[in-house]
There are 2 protein chains.
Amino acid sequence: MLSQVYRSGFQSVSFRQRLLPWVQSTALSRSHRVQPSAIRHVRSWSNIPFITVPLSRTHGKSFAHRSELKHAKRIVVKLGSAVVTRGDECGLALGRLASIVEQVSVLQNQGREMMLVTSGAVAFGKQRLRHEILLSQSVRQALHSGQNQLKEMAIPVLEARACAAAGQSGLMALYEAMFTQYSICAAQILVTNLDFHDEQKRRNLNGTLHELLRMNIVPIVNTNDAVVPPAEPNSDLQGVNVKAALWALQGGTSVVIANGTHPKVSGHVITDIVEGKKVGTFFSEVKPAGPTVEQQGEMARAGGRMLATLEPEQRAEIIHHLADLLTDQRDEILLANKKDLEEAEGRLAAPLLKRLSLSTSKLNSLAIGLRQIAASSQDSVGRVLRRTRIAKNLELEQVTVPIGVLLVIFESRPDCLPQVAALAIASGNGLLLKGGKEATHSNRILHLLAQEALSIHGVKEAIQLVNTREEVEDLCRLDKMIDLIIPRGSSQLVRDIQKAAKGIPVMGHSEGICHMYVDSEASVDKATRLVRDSKCEYPAACNALETLLIHRDLLRTPLFDQIIDMLRVEQVKIHAGPKFASYLTFSPSEVKSLRTEYGDLELCIEVVDSVQEAIDHIHKYGSSHTDVIVTENEKTAEFFLQHVDSACVFWNASTRFSDGYRFGLGAEVGISTSRIHARGPVGLEGLLTTKWLLRGQDHVVSDFSEHGSLKYLHENLPVPQRNTN
Amino acid sequence: MLSQVYRSGFQSVSFRQRLLPWVQSTALSRSHRVQPSAIRHVRSWSNIPFITVPLSRTHGKSFAHRSELKHAKRIVVKLGSAVVTRGDECGLALGRLASIVEQVSVLQNQGREMMLVTSGAVAFGKQRLRHEILLSQSVRQALHSGQNQLKEMAIPVLEARACAAAGQSGLMALYEAMFTQYSICAAQILVTNLDFHDEQKRRNLNGTLHELLRMNIVPIVNTNDAVVPPAEPNSDLQGVNVKAALWALQGGTSVVIANGTHPKVSGHVITDIVEGKKVGTFFSEVKPAGPTVEQQGEMARAGGRMLATLEPEQRAEIIHHLADLLTDQRDEILLANKKDLEEAEGRLAAPLLKRLSLSTSKLNSLAIGLRQIAASSQDSVGRVLRRTRIAKNLELEQVTVPIGVLLVIFESRPDCLPQVAALAIASGNGLLLKGGKEATHSNRILHLLAQEALSIHGVKEAIQLVNTREEVEDLCRLDKMIDLIIPRGSSQLVRDIQKAAKGIPVMGHSEGICHMYVDSEASVDKATRLVRDSKCEYPAACNALETLLIHRDLLRTPLFDQIIDMLRVEQVKIHAGPKFASYLTFSPSEVKSLRTEYGDLELCIEVVDSVQEAIDHIHKYGSSHTDVIVTENEKTAEFFLQHVDSACVFWNASTRFSDGYRFGLGAEVGISTSRIHARGPVGLEGLLTTKWLLRGQDHVVSDFSEHGSLKYLHENLPVPQRNTN
């Protein structure tokens, strides 16, 4: 049984203290007490302003993780006064209230047992009474002046209990009207503290609530404000919420406290919590099995910093050891992989199963790739990029350093894990890995091997595997913890991550609309070879050709015919651009959009009048990935190379060269179409940033002021040339 | 008068066609027709799904810009069926409806005249009737089976007009109940198409509505569905909205069509529109005076691309010309500046007025700075960073290129404009400038001069001044148009922009919590000099010292006393860290947080036991800006330099050297605490990215495959060493 209390602090604590034991009594009784860690958590909790929620699991076990909340059967939603009433405490916050009723109804109609603990009668009554008083005043005044001065009149001070009495009926009528919208019947329960002290009354109340829930009725519980002593002002509202959470925890009930007034979330805060989203603060007396993702982030940061201060040879050694483990522990890896494959059988399509599966030969070539990364890592971290003598004995150095903590999100392929781990180790970065659920067993063993390799130099924690329960969307919001996100997978994955990332840069490309412009001075054979290689060799790649731009003069020449013949032989489906179509009597199907990534044996062909028009077309419809000119005229080629504003611009070469390995960058991190940091194919350098080291004797800037004793020299000093990598 | 219609398409067009002329008749009559440009706009409008809004200005003039909408007096909110009803078309979307009532009430209580055009009676009635029928069925079944099978029963098909009749009373009661919450009186108006055809009826209706508005009552208008013919299904809902917009435009009424169902905005969509935020699509028959910001973005992109292909000497020439204009046109500039100062008088505090004011000497030193930028720009764009021979006759080059389009947002200082313009010109970037309202006249003339300078090489449009009406928040969302945002101003500005930027990187630093660690082996005199320079020279700077970490062994030594004496002389207020406080009998006030940027003559002092503890402290509380060690022990210093993970790490040098000019980077763009792209003090290089040029003969990747004829060489070729800058 899950009980969820959604509240903020206007009501007296003791009221809720009485209610929560009831929640407890409906769950199986538990003797556990709140653990010290939970209390520490509560103490550090200080910036969430408005709402509270406690929870317990079916069969008396608390929920350890938010993802389990969706199994909740009974949910108590406690509305704090701040949620229910308007900012001026006069009248109800209708929009919020209605959306809460909407959410409660949705959950009730899913078959859960919902309970609402509400306040608001005072505010409702206050508004109503004030209006009545103003109205009667205004009628009197109007008799004299004939003017409506409603707005100018002083607001009378009203007694809270009178307001409560006047408001209760209207509040319930409003709830009734709203719940009726969802075919839900609501019932009113008015209680006071004393009702909980009397054993008989408690039993009665218990019975009533059980009966209501059994009949699919939502009980709406409120204090009988009209008969209780006036509430004492309580300035420590957050404290009240936390106390409520602790009470619920003692009853074996998990709690979520969330802000119910933020306009961006209030429309779905309750349903989001039940879906397991990271809304508000989650309290549970059950300690989750592993570390939290926040703790993992800290471990990766600390481990990464240690990794970065190792010698390059030590980092290479770790990678070599990991490569050895991949072959030595082959049987265990394949066994784990078999488990994944068996569980995925029938649930995944054949191509996905193939991506998921590992084999001896895959592991061997993975190990070879890792050794290449180890080799190329020697010259990455700590390379001096720039040296300046600022003054005598004051020297500045700019050196490469790791970026910090990377989050790499990859889809089903488990072979991604050791590769990404090796890249992170080579560049000295901490790493959070988030793999797909379908590869759980494989990822777990591969991660253990990575940590085993790291432990030879005491940096085991630099690489963390994030629990599959964590939502990618939530990870993408940890901007204090993660410095760069690298999605490895489909372009859809990249797009989703780019959308979800809040304040964290994402490295990758979501589109590859590559162009080839065949100039009027192109060579027939070269053009045909280049188009075939660019389009047909591997059409699903992001660096494959998507749009062929042909100079108008080439139409109906042998060159043109030869290209078309080749495309026909290769069974490439042609889509005609509007201008191309207008030149033909019988044209192929006209393109829907000139900005299409087919990713298949399909090609858009369009006609242009000049190299300038080709460039304009590329700027208008391209994705700044890779664009090529085919021509024998060097001047035209250079014009194209200078003017096309893409990450890669080629002359007489296939688009498919756009690749880290082919560029000679060593290990391939990916291809970036972002315009800052790494652009185009990215090697290890994309995982590095720089820091500035300044070594002086006792240099202060005031010595360099107008009348100071020193002058800036700013002499560039020689920088060691980099090795071949 | 502004009329705003908020709708989507369930109702028949003709109904609204009749209503809109009424809106028109209450505004002054206008003979303008919709301009072709407006119709083009409408045609391209295709991805906003749910709502519509038209508007006209007081005295019969339409609003040309959203920012004027806040002056709207009369607002018609038309709720589309999709907004009012739930996804299953059965029952009302209560949360949305209530928040609409809430927003309408807020606007009404601001003194506007609100009108609501609603639908939803059919949906409301459908839900109600279905429930009745199911209930009566279930009672009958229950008599036989004793089971409640409500959920399993088939839903009867109901006639729309019967539903409307059954729903109308309940819908109005609900509106009544909700508006009462806000002390607002609502009135019901039921109309049919025929009512608009009859001149007498129209006059009556007009009179009734006027009377209601005069009495501060919100008229709620609905079709009298029970007496009209059944609605025809209309699949082109968007078309209906657009037609509604066009009708309103013809009446001199401006329109906004917005999505009313998106959970993230629906709680404030109407108030946002009236506040001038970029929600939905704005239709107006009045063409705004200048180009839209989107057009400006395109001009800056195109102009920037042309700028980038100029020779470096030509870019330098433009900057020199701008420097000349600043001195030649001094009188005009100062005159414009005087206007700003006069308008700001009394509204701005003295320090802000000082920042706003220009002078001959300021202009002269600006011109000198510009000439320095011109000199340093020679080696920026097109510099070769890397050359690789991939194969015979296949050579790869990585060259620097501009980032693209920069958005620079600066506060009151108008002298920022020429400086930023020169930086953009030097780096070949297109530029959107957004200055403060208070500097409007100064910025306008300075921008004209920048364009005059640019026009000597035909690239006038590369720099655009964005209209002051545009909201910074809206600009920060133009991710398709802007590649990098650079806020120049307070750290608050930077924080705001970082928060507002959606998918666009922001270069800057929001915090500068710099540390100095005085090691046990520090020299007394050096430490005192370095602390004084770092803290006292210019305490408001981001590179000023905020926390002094002192090795425990130094406590009660002459070194410690000398530093404390110096701080006392300099009148620096000391805050003690918890550990430092514990060592003292009478300690100064204890710090509230160890992570504080004082920006004033205040300093936190804390004690550490070792260099490692100092590093841990810096990682925990620092902002990765600039951190310094003072020691005579080279080994300790190198340990600190390697392990501290900040943008700038110094040994025996003042924190204040952390500055682009002092580093010898030439022109100063700012200091970045971001971990990707530029880090630390940023020179022109931070405004550059790279592209890859590959020159081949007819190279295809298939020749390099396993059995191909070619092998990758990947030879690093020499790169020309950079000049001193």
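For clarity, every value in this text was computed on a predicted model and none was experimentally measured. (Residues numbered from 1 in each chain as written. Chains lettered and ligands numbered in written order. Predicted model: local features only at pLDDT ≥ 70, side-chain atom pairs only at ≥ 80, totals over all residues. Heavy atoms only, no water.)

### Details of the overall build of chain A
Under the convention used in this document: Elements are defined by DSSP. Helices are runs of H or I of four residues or more, strands are runs of E of two residues or more, and each kind is numbered from the N terminus. We call a residue buried when its accessible area falls under 20% of the maximum for its residue type, exposed when it is over 50%, and partly exposed in between, using a 1.4 Å probe and counting protein chains only. The contact criterion used is simple: two residues touch if any of their non-hydrogen atoms lie within 4.5 Å. The protein chains shown are the only cover counted for residues, whose accessible areas, like all others here, come from Shrake-Rupley with a 1.4 Å probe.
From N to C terminus, chain A includes 24 helices and 22 strands. Per-residue burial for chain A yields a buried fraction of 56% across its 725 residues. In chain A, of all internal contacts separated by at least 6 residues, the share reaching a separation of at least 24 is 77%. With an accessible surface of roughly 30000 Å², chain A has 52% of that area assigned to carbon and sulfur atoms.

### Some thoughts on the nonpolar core
This is how it is decided: Residues belong to a common nonpolar core when they are buried Ala, Val, Leu, Ile, Met, Phe, Trp, Tyr or Cys residues joined through side-chain atoms within 4.5 Å.
Core analysis: the biggest nonpolar cluster contains 106 residues, and Leu433(A) and Leu433(B) have the highest contact counts within it. If we skip the residues at most four places from it in the chain, Leu433(A) touches Val408(A), Phe410(A), Leu417(A), Val420(A), Ile463(A), Gln464(A), Leu465(A) and Val466(A).

### With respect to the sheet that holds strand S21 (residues 688-699) of chain B
We apply this condition: Pairing between two strands requires that DSSP report at least two bridges joining them. Axes here refer to lines fitted to C-alpha atoms; in helices the fit is confined to the stretch in contact. Angles between the N-to-C directions go from 0 to 180 degrees.
Within the open sheet, the 10 strands sit side by side as S15(A)-S16(A)-S14(A)-S13(A)-S17(A)-S18(A)-S21(B)-S8(B)-S7(B)-S22(B). Their pairing is mixed. The open sheet has two free edges, formed respectively by strand S15 (573-576) of chain A together with strand S22 (715-717) of chain B, since each of these has just one partner strand. This sheet shows a mean twist of 25° between the axes of neighbouring strands, independent of strand direction. In this sheet, S21(B) lies alongside strand S8 (residues 394-402) of chain B in antiparallel orientation, the contact comprising eight bridges.

### Describing the relation of the copies chain A and chain B
For the pair of chain copies, the relating operation is a rotation around an axis with a shift along it. For clarity, the threshold we go by: Residues below a pLDDT of 70 in either copy are left out; the C-alpha atoms of the rest, at least 70 in both, set the least-squares superposition of the copies.
Superposing chain A onto chain B takes a rotation of 180° combined with a translation of 0.2 Å along the rotation axis, leaving an RMSD of 0.4 Å. These values place the two chain copies in the arrangement generated by a two-fold rotation axis. For chain A, the residue whose C-alpha comes nearest the rotation axis is His677(A), separated from it by 2.1 Å. A share of 100% of the interface residues of chain A reappears at the interface of chain B, consistent with the copies meeting face to face through the same patch.

### Considering the interface of chain A and chain B
Going by this rule: When two components associate, each loses some accessible surface as probed by a 1.4 Å sphere; the sum of these losses over both components is called the buried area. One speaks of a salt bridge when a side-chain nitrogen belonging to Lys or Arg is within 4 Å of a carboxyl oxygen belonging to Asp or Glu. Polar contacts, as used here, are pairs of N or O atoms within 3.5 Å; protein pairs need one atom able to donate a hydrogen and one able to accept it. Residues neighboring in sequence count only if both atoms are side-chain atoms. Classes in brief: Ala, Val, Leu, Ile, Met, Phe, Trp, Tyr, Cys and Pro nonpolar; Asp, Glu, Lys and Arg charged; the others, Gly included, polar.
The interface of chain A with chain B comprises 101 residues on the first partner and 101 residues on the second. Regarding the contact of chain A and chain B, the summed buried area is about 8700 Å², with carbon and sulfur atoms giving 52% of it. Linking chain A with chain B are 12 salt bridges. Two residues, Arg695(B) and Glu638(A), come together in a salt bridge whose shortest N-O distance is 2.7 Å. Taken together, the connections running from chain A to chain B amount to 61 residue pairs in polar contact (both at pLDDT 80 or more). Residue contributions to the side of chain A that touches chain B peak at 11 residues, all from strand S21 (residues 688-699) of chain A. Among the residues making up the side of chain A that touches chain B, the classes are represented as 42 nonpolar, 34 polar and 25 charged. Two elements, strand S18 (residues 648-653) of chain A and S21(B), share five bridges in a ladder whose sense is parallel. Bridge assignment links Val649(A) to a residue of S21(B), and that residue is Leu693(B).

### Section: the pattern of salt bridges
Under the counting rule described, the total for this entry stands at 66 salt bridges over all chains. Taking the shortest distance from any N to any O, the salt bridge between Arg74(B) and Glu113(B) comes out at 2.8 Å. In this pair, Arg74(B) is assigned in strand S1 (residues 74-78) and Glu113(B) in strand S2 (residues 113-117), connecting sequence segments 39 residues apart. Among the residues examined, Arg74(B) registers a relative accessible area of 5% and is labelled buried. Residues participating in the shared-partner salt-bridge network are Arg301(A), Arg305(A), Asp483(A), Asp645(B), Arg675(B) and Arg679(B).

### Structural notes on the confidence of the model for chain A
Should the pLDDT be low somewhere, the predicted coordinates at that spot are not to be read in detail. Residue and element names in this part refer to chain A. This is how it is decided: pLDDT measures the predictor's confidence residue by residue and takes values from 0 up to 100.
Averaged over every residue, the pLDDT of chain A is 81; residues scoring 70 or more account for 81%. Mean pLDDT in chain A bottoms out at helix H2 (residues 36-44), which sits at 31, and peaks at strand S13 (residues 514-518), which reaches 98. Low pLDDT (under 50) marks residues 232-240, which in the prediction has 12 contacts with non-local residues, meaning those over four places away or in another chain.

### Some details on the environment of Leu549(A)
Residues and elements named next belong to chain A. Tracing the chain through its elements places Leu549 in strand S14 (residues 545-551). Overall, Leu549 belongs to the buried group, its relative accessible area being 0%. If we skip the residues at most four places from it in the chain, Leu549 touches His515, Met516, Tyr517, Val518, Glu606, Val608, Ala614, His617 and Ile618.

### Here we look at the side chain of Gln108(A)
Residues and elements named next belong to chain A. Secondary-structure assignment places Gln108 in helix H4 (residues 94-109). A polar contact is formed between the side chain of Gln108 and the side chain of Asn216, at a distance of 2.9 Å. Gln108 has contacts with Glu113, Met114, Ile184, Asn216, Ile217 and Val218, leaving out every residue within four places of it along the chain.

### Considering the packing of helix H15 (residues 360-376) of chain A against helix H16 (residues 416-427) of chain A
Residue and element names in this part refer to chain A. Basically, it comes down to this: Angles below 35 degrees are treated as roughly parallel, those above 145 as roughly antiparallel, those between 65 and 115 as roughly perpendicular, and all remaining angles as oblique.
At a minimum axis separation of 10 Å, H15 and H16 run at an interaxial angle of 10°. By the angle between their axes, H15 is roughly parallel relative to H16. Taking contact as the criterion, the partners of Leu366, Leu370 and Ile373 in H15 are, on H16, Pro418, Gln419, Ala422, Leu423 and Ala426. When grouped by side-chain class, the residues that make up the contact of H15 with H16 number seven nonpolar, one polar and no charged.

### Observations regarding unusual backbone geometry
Residues and elements named next belong to chain B. Despite not being glycine, Asn216 has its phi angle at roughly 70°, a positive value. Its place among the elements puts Asn216 in the loop between helix H8 (199-214) and strand S4 (217-223). Using a relative accessible area of 37% as the deciding quantity, one classes Asn216 as partly exposed. Positioned with a positive phi, Gln571 is a non-glycine residue whose angle comes to about 60°. With respect to the helices and strands, the residue Gln571 is situated in the loop between helix H21 (558-569) and strand S15 (573-576). On the basis of relative accessibility, which here comes to 66%, the residue Gln571 falls in the exposed class.

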